[in-house]
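Observations on the three-dimensional arrangement
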Amino acid sequence: MSELSNPCVSCGACCAHFRVSFYWAEADDAGGLVPTELTEPLSLLMRNMRGTNDRAPRCVALQGDIGGCVSCGIYEQRPTPCREFSMSGEAGIHNEACDRARARYGLPPLFAPSLPHITESYALPGAPELPEHVQSPG
């Protein structure tokens, strides 16, 4: 998906809604890519991005205004949870977590799974009486 058509560049809600925790060795002081100075210890084997374990989470690498224009300051060095998080609707797959984060900031969901088409059925004149309203999948 091109940068221009990617809704994530005008969102950023996931970066300010979830804790981003990952295996400690993903940090650059252990041979990984994530800048250590942007992380904090979470447990013996886990770290998280600074700011994401706060009461009002916001990743320190997030730049810009949520719902406006945002970017990740360490996009090429981001940790695994960020690499694996997909926007809702990507490859036709609904991501409830993406929609939940967007809702927190008053943003609409990106994807609505298809519902079966519903058709209405009506009785023909003179046919036996049916329930008031009958629907069937179309």
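Only a predicted model underlies this, so the values are computations on that prediction, with no experimental measurement involved.

1. Some details on a nonpolar patch on the surface
A contiguous nonpolar surface patch, about 460 Å² in accessible area, is contributed by Y23, W24, L44 and L45. We classify L45 as partly exposed; its relative accessible area is 45%.

2. Some thoughts on the pairing of strand 3 (residues 46–49)
Pairing geometry for strand 1 (residues 21–23) and strand 3, over 3 bridges, is antiparallel. When the sheet's bridge partners are listed, Y23 is paired in strand 3 with M46. Across 3 bridges, the pairing between strand 2 (residues 39–41) and strand 3 is antiparallel. Note on strand 3: the bridge partner recorded for T39 is M49. Remark: 4 residues form the turn of the hairpin made by strand 2 and strand 3, two consecutive strands paired antiparallel.

3. So, the sheet that holds strand 2
Reading across the sheet, the 3 strands line up as 1-3-2 and stay open at both edges, with antiparallel pairing between neighbours. The sheet is open, and its two borders are formed by strand 1 and strand 2, each paired with just one other strand. Averaged over neighbouring strand pairs, the angle between their axes works out to 40° when direction is ignored.

4. Some remarks on helix 2 (residues 96–104)
Residues of helix 2 that are buried include every one of A97, C98, D99, A101 and R102, and no others. Residue N95 occupies the N-cap position of helix 2, its side-chain oxygen lying 3.0 Å from the main-chain nitrogen of A97. Remark: G106 follows helix 2 within two positions and exhibits a positive phi of approximately 75°.

5. A few points about the packing of aromatic side chains
Overall, the coordinates contain 2 aromatic pairs when judged by the stated rule. Measuring from ring centre to ring centre gives 5.8 Å for F18 and F85, while their planes differ by 50°; the resulting arrangement is tilted. Here F85 lies in the loop between helix 1 (80–84) and helix 2 and F18 lies in the segment before strand 1, a separation of 67 residues in the sequence. For F85, a relative accessible area of 30% corresponds to the partly exposed category.

About the criteria used
- Residues numbered from 1 in each chain as written.
- Predicted model: local features only at pLDDT ≥ 70, side-chain atom pairs only at ≥ 80, totals over all residues.
- Heavy atoms only, no water.
- Patch = residues over 30% accessible without salt bridge, like charges linked within 9 Å, V, L, I, M, F, W, Y side chains within 5 Å.
- Areas by Shrake-Rupley, 256 points an atom, 1.4 Å probe, with all protein chains shown as cover.
- Salt bridge = Lys/Arg side-chain N within 4 Å of Asp/Glu carboxyl O.
- Buried < 20%, exposed > 50% of the residue type's maximum accessible area, 1.4 Å probe, protein only.
- Pairing = 2+ DSSP bridges.
- Helix = DSSP H or I, 4+ residues; strand = E, 2+ residues; numbered from the N terminus.
- Axes fitted to C-alpha atoms, helices over the stretch in contact; angles between N-to-C directions.
- Polar contact = N/O pair within 3.5 Å; in protein donor to acceptor, adjacent residues only side chain to side chain.
- Phe/Tyr/Trp six-rings, centres within 6.5 Å; stacked < 30°, edge-to-face > 60°.

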